[in-house]
Amino acid sequence: MSHKIAIASDHAGFELKTLLAAWLRDEGHDVTDLGPASAQPADYPDFGYRLARAIASGEVSRGVALCGSGMGISIAVNRNPAARCVIVSEALSARLAREHLDANVIALGARMVGIDQAKACVAVFLSTPFAGDRHRRRIEQLSRPDIGGWPR
């Protein structure tokens, strides 16, 4: 199944982003590279916000976010209520992110995973469906804290 995917990084994730974007295109996916265009210093919040906007607008259905650790860019992506970004470093986390959380973005730490592990995570992320059922209510609460009992 082919997906419309946005991919974004900071300078630390630039090389891995470039490799993953090429691989995803070779796999038949429609990939939008949201930058940066080089490995020059770049701020992960700017690119995380771009990716989240692409998800929120419906321009893409899935996203891959990269920075040195995956942490900073994931926080930026998750500032947008339409985005559900989870940091993953192995295939099981990628599968559970989709099955239980209906994650639409995964974040990878370019200093934490190599290209083969990153490809494995992305492949599982793209091929795993959301399980629905008992998880759906919880997913709604993530974007609407007012229905989830917060604040008390």
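It should be emphasised that the depicted structure is a prediction, and the values quoted were computed from it without experimental measurement. (Residues numbered from 1 in each chain as written. Predicted model: local features only at pLDDT ≥ 70, side-chain atom pairs only at ≥ 80, totals over all residues. Heavy atoms only, no water.)

**A word on the pairing of strand S1 (residues 4-9)**
In step 1: Among the six residues in S1, five count as buried, and that is most of the element.
In step 2: Sheet topology note: the S1/strand S2 (residues 30-33) ladder contains four bridges and is parallel. Directly across from Ile5, in S2, lies its bridge partner Val31.
In step 3: This β-α-β element, S1 to helix H1 (residues 14-26) to S2, shows right-handed connectivity.
In step 4: As defined by bridge partners, S1 adjoins strand S3 (residues 62-67) across five bridges and the pair is classed as parallel. Residue Ile5 lies in a different strand from S3, and its bridge partner there is Arg62. (Buried < 20%, exposed > 50% of the residue type's maximum accessible area, 1.4 Å probe, protein only. Helix = DSSP H or I, 4+ residues; strand = E, 2+ residues; numbered from the N terminus. Pairing = 2+ DSSP bridges. Right-handed = clockwise from strand over helix to strand, strands pointing away.)

**A word on the state of the cysteines**
In step 1: Overall, the coordinates contain zero disulfides when judged by the stated rule.
In step 2: Left unpaired, Cys121 is separated from the closest cysteine sulfur, that of Cys85, by 13 Å. (Disulfide = S-S within 2.5 Å.)

**Brief notes about helix H4 (residues 91-101)**
In step 1: Three or more residues of H4 are buried, namely Ala94, Ala97 and Arg98. One side of H4 holds all its buried residues, which, seen down the axis, span an arc of 85°.
In step 2: N-capping of H4 is provided by Glu90, with a side-chain oxygen placed 3.1 Å from the backbone N of Leu92.
In step 3: Of the residues one or two after H4, Asp102 is the one with positive phi, at around 50°. (Arc of directions from axis to C-beta. Polar contact = N/O pair within 3.5 Å; in protein donor to acceptor, adjacent residues only side chain to side chain.)

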